[in-house]
Amino acid sequence: MTETTAPAARPLAIGPHQVWPPVVLAPMAGITNVGFRQLCREQGGGIYVCEMITTVALVERNPKTLRMIAFGDDERPRSLQLYGTDPEVTAAAVRIVVEKDLADHIDLNFGCPVPKVTRRGGGSALPWRRRLFARLVRAAVDAASPAGVPVTVKMRKGIDDDHLTYVEAGLAAQDAGVAAVALHGRTAAQRYSGTADWDAIATLKQSLDVPVLGNGDIWEADDALRMVAYTGVDGVVVGRGCLGRPWLFADLEAAFDGRPQRRLPALGEVATTMRRHAELLVDQFTAGARNPARGERDGCTDFRKHVAWYLKGFPVGSELRRSLAMIESLAQLDDLLGKLDPAVPFPVETLGQPRGRTNSPGKVFLPEGWLASRDDDTVPEGAELDDSGG
């Protein structure tokens, strides 16, 4: 793996928060809960965003949503992503965050490309309706600014190559008073396929005065350095690249500090990290639970999805992999991890390779007549979701 010289990066300024290294963990449904974020924070610095929270669920005090808004005692800044389509509901949700002191930073989701969101005009479809987008962002900023809570937005290039919105939306967000703008260099139609467009990220950086963050195809720490050098962005957003590799944040900190160290953990060290991850999830699910045994089982169940990512490229038999992905207790996990050969070296052939969701481009489902008028600021009917997390 070729190393890249660290660019002359500065701490990332998100309102009053100075963040070093300039790295943000992207919110991922079912992934970026308290346990996973703590595991990543133990590796290196940055901002670690919790799972997406829907504005309507927060306003309606949905019990599941309220449980999801949880942070570690030493987690600062506490970063919360909100999804909404109605400016009034979004403002009400932000006021709750501010009044209840639930977070130190609010990010607005305009990047989700999944059909259940775009077919209702939400997520990556919403910036096309530029007046509605501007109203929503301004409503959030106005509700958060009295308490000094910065608001940022995360978005995609647009709906597809014929309906790009990122520069206009970035300027509108800046005019509304956001602290930063993050761009995933793909359209909604691309989903997670193909290659991220770093030229678009560079264009947005050149167009805005507020900090710009780049997202897309950061699989290794040196990719982050290359993105900063190529686009001039103020920081990077990391999503799928850290799945099964929380030590990527140690690499990122070293890279931005100008240190050459990169982690290539042997299977024994990976097993230790897996055990730590499961333990943190069990702690999370056990906290406040009436039945600790149920909390352990739920934590282990939540861990199962991570097994394949941790073991990607390692020569581990299918039966052992399957057993690890079916654990119900930490004792069972310990027994199975003990069957791994700790001396097996890290599979370097997996470096730089995509992880997590990889799919094909597809049609973007939109509400009927959505593309007909860019200036219609009517709130899309039924676009508010009551299911936090994505």
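This one's a predicted model, so the numbers in the text were calculated from it and none came from an experiment.

**Some words on the overall build of the chain**
- Along the backbone of the chain there are 15 helices and 11 strands.
- The globule rule puts the C-alpha radius of gyration for 390 residues at 21 Å, and the 21 Å found for the chain is close to it.
- Projected onto its principal axes, the C-alpha coordinates of the chain cover approximately 60 × 50 × 40 Å.
- By residue count, 56% of the 390 residues in the chain fall in the buried class.
- By sequence separation, contacts in the chain at least 24 residues apart represent 74% of the contacts at least 6 residues apart.
- Of the roughly 15,800 Å² of accessible surface on the chain, 48% is carried by carbon and sulfur atoms.
- Both charge centroids of the chain, one from 45 positive and one from 50 negative side chains, sit 3 Å from each other.

**A few points about the domain arrangement of the chain**
- For the chain, the assigned domains are domain 1 (12–257) and domain 2 (267–345).
- Placing a centre on the C-alpha atoms of domain 1 and another on those of domain 2 gives a separation of 29 Å.
- Contacts between the two partners involve 13 residues from domain 1 and, on the opposite side, 12 residues from domain 2.
- Here domain 1 meets domain 2 over a buried area of about 1,100 Å², counting both sides, of which 66% is carbon and sulfur.
- Here domain 1 is connected to domain 2 by one salt bridge.
- Between E42 and R276 there is a salt bridge, with its nearest N and O atoms 2.5 Å apart.
- Linking domain 1 with domain 2 are five residue pairs in polar contact (both at pLDDT 80 or more), by the criterion used here.

**Quick look at the packing of helix α1 (residues 34–41) against helix α11 (residues 267–286)**
- Closest axis-to-axis distance for the α1/α11 pair is 8 Å, and the angle between their directions is 140°. If you check the angle between α1 and α11, you find them oblique. Regarding α1 and α11, the two cross each other, and that crossing is right-handed. Across the interface between the two elements, V34, G35, F36, Q38 and L39 from α1 touch T273, R276, H277, L280, L281 and Q284 from α11.
- Among the residues forming the contact of α1 with α11, the class breakdown is five nonpolar, five polar and one charged.

**Points about the packing of aromatic side chains**
- Enumeration according to the criterion identifies six aromatic pairs in this entry.
- Between F110 and F133, the ring centres sit 4.7 Å apart and the planes meet at 65°, which makes this aromatic pair edge-to-face. Linking F110 in strand β7 (residues 105–110) with F133 in helix α6 (residues 130–144), this pair joins segments that are 23 residues apart in sequence. For the pair shown, F110 and F133 are each scored as buried.
- Relative to F346, the ring of F314 lies with its centre 5.9 Å away and its plane at 90°, an arrangement referred to as edge-to-face. Linking F314 in the loop between α13 (307–310) and α14 (318–324) with F346 in the segment after α15 (330–337), this pair joins segments that are 32 residues apart in sequence.
- Taking the relative accessible area as the measure of exposure, F314 reaches 3% and is therefore buried.
- For F346, a relative accessible area of 10% translates into the label buried.
- Feature note: the residues W247, F314 and F346 constitute an aromatic cluster, connected by ring pairs.

Conventions we followed
- Residues numbered from 1 in each chain as written.
- Predicted model: local features only at pLDDT ≥ 70, side-chain atom pairs only at ≥ 80, totals over all residues.
- Heavy atoms only, no water.
- Helix = DSSP H or I, 4+ residues; strand = E, 2+ residues; numbered from the N terminus.
- Rg over C-alpha atoms; globule rule 2.2 N^0.38 Å.
- Buried < 20%, exposed > 50% of the residue type's maximum accessible area, 1.4 Å probe, protein only.
- Contact = heavy atoms within 4.5 Å.
- Areas by Shrake-Rupley, 256 points an atom, 1.4 Å probe, with all protein chains shown as cover.
- Lys, Arg positive; Asp, Glu negative; His and termini not counted.
- Charge placed at Lys NZ, Arg CZ, Asp CG, Glu CD.
- Domains from an automatic or database assignment.
- Buried area = accessible area lost by both parts, 1.4 Å probe.
- Salt bridge = Lys/Arg side-chain N within 4 Å of Asp/Glu carboxyl O.
- Polar contact = N/O pair within 3.5 Å; in protein donor to acceptor, adjacent residues only side chain to side chain.
- Axes fitted to C-alpha atoms, helices over the stretch in contact; angles between N-to-C directions.
- Parallel < 35°, antiparallel > 145°, perpendicular 65-115°, else oblique.
- Left-handed = near helix turned anticlockwise from the far one by under 90°.
- Nonpolar A, V, L, I, M, F, W, Y, C, P; charged D, E, K, R; others polar.
- Phe/Tyr/Trp six-rings, centres within 6.5 Å; stacked < 30°, edge-to-face > 60°.

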